[in-house]
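# What the coordinates show
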Amino acid sequence: MKKHDKCDSWWYIEGRKTPICGSTVATADFLHLLLEANGGSFKKALEQINYDEEARQVCRKMIDAGCD
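Residues numbered from 1 in each chain as written. Predicted model: local features only at pLDDT ≥ 70, side-chain atom pairs only at ≥ 80, totals over all residues. Heavy atoms only, no water.

Throughout the structure, instances matching the rule amount to 2 salt bridges. Residue Arg 56 pairs with Glu 53 through a salt bridge whose shortest N-O separation is 3.6 Å. Here the residue Arg 56 and the residue Glu 53 both occupy positions in helix α3 (residues 53–64), the gap between them amounting to 3 residues, near one helical turn. Residue classification places Arg 56 among the partly exposed residues on the basis of a relative accessible area of 21%. Across the salt bridge formed by Arg 60 and Glu 53, the nearest N and O atoms sit 3.5 Å from each other. In this structure, a network of salt bridges that share partners links the residues Glu 53, Arg 56 and Arg 60. (Salt bridge = Lys/Arg side-chain N within 4 Å of Asp/Glu carboxyl O. Helix = DSSP H or I, 4+ residues; strand = E, 2+ residues; numbered from the N terminus. Buried < 20%, exposed > 50% of the residue type's maximum accessible area, 1.4 Å probe, protein only.)

Looking now at the environment of Trp 11. Turning to its location among the elements, Trp 11 is positioned in strand β1 (residues 9–11). Residue classification places Trp 11 among the buried positions, given a relative accessible area of 6%. When sequence neighbours within four positions are dropped, the list of residues in contact with Trp 11 reads Pro 19, Ile 20, Cys 21, Gly 22, Ser 23, Ala 28, Leu 31, His 32, Leu 35, Phe 42, Val 58 and Met 62. Within polar-contact distance, the side chain of Trp 11 engages the side chain of Ser 23 at 2.9 Å. (Contact = heavy atoms within 4.5 Å. Polar contact = N/O pair within 3.5 Å; in protein donor to acceptor, adjacent residues only side chain to side chain.)

This paragraph deals with the side chain of Ser 41. The topology assignment puts Ser 41 in the loop between α1 (25–37) and α2 (42–48). Residue Ser 41 is classed as buried on the basis of its relative accessible area, which comes to 12%. Within the structure, the side chain of Ser 41 is placed 3.4 Å from the backbone nitrogen of Lys 43, a separation counted as a polar contact. Here Lys 44 takes part through its backbone nitrogen, which lies 3.2 Å from a polar atom of the side chain of Ser 41.

With that out of the way, let us pick up the nonpolar core. Grouped together as the largest cluster of nonpolar side chains are 16 residues, with contacts concentrated most on Trp 11, Leu 31, Phe 42, Ile 49, Val 58, Cys 59 and Met 62. Among the secondary structure elements, those contributing two or more residues to this core are α1, α2 and α3. The biggest single contributor to this core is α1, with 5 residues. With sequence-adjacent residues up to four places away left out, Ile 49 is seen in contact with Phe 30, Leu 31, Leu 34, Ala 55, Arg 56 and Cys 59. (Core = buried A, V, L, I, M, F, W, Y, C linked by side-chain atoms within 4.5 Å.)

Put into C-alpha cells, the structure is as follows:
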C-alpha cells in the first residue's frame, strides 16, 4: 500500500519506530476483531479475509516483516 491521505491507522512492529503500513480505520477495526479471534495471528486472519483487499495487504506486509 502507498502512503496516502486515507491512512488513519498505522501498523507497527514492537520495537520499531517506523510503521510497516497504513490502513483506514474501518480496515483496522476489522483486522483487530480477526486478530483477537485468532490469537493475534496474521496468518490465520489472512485465511479468513474474503473481500477486503486492503486488509489482505496489511496482513501480507505484517507477515513479510516478521510479525506472526
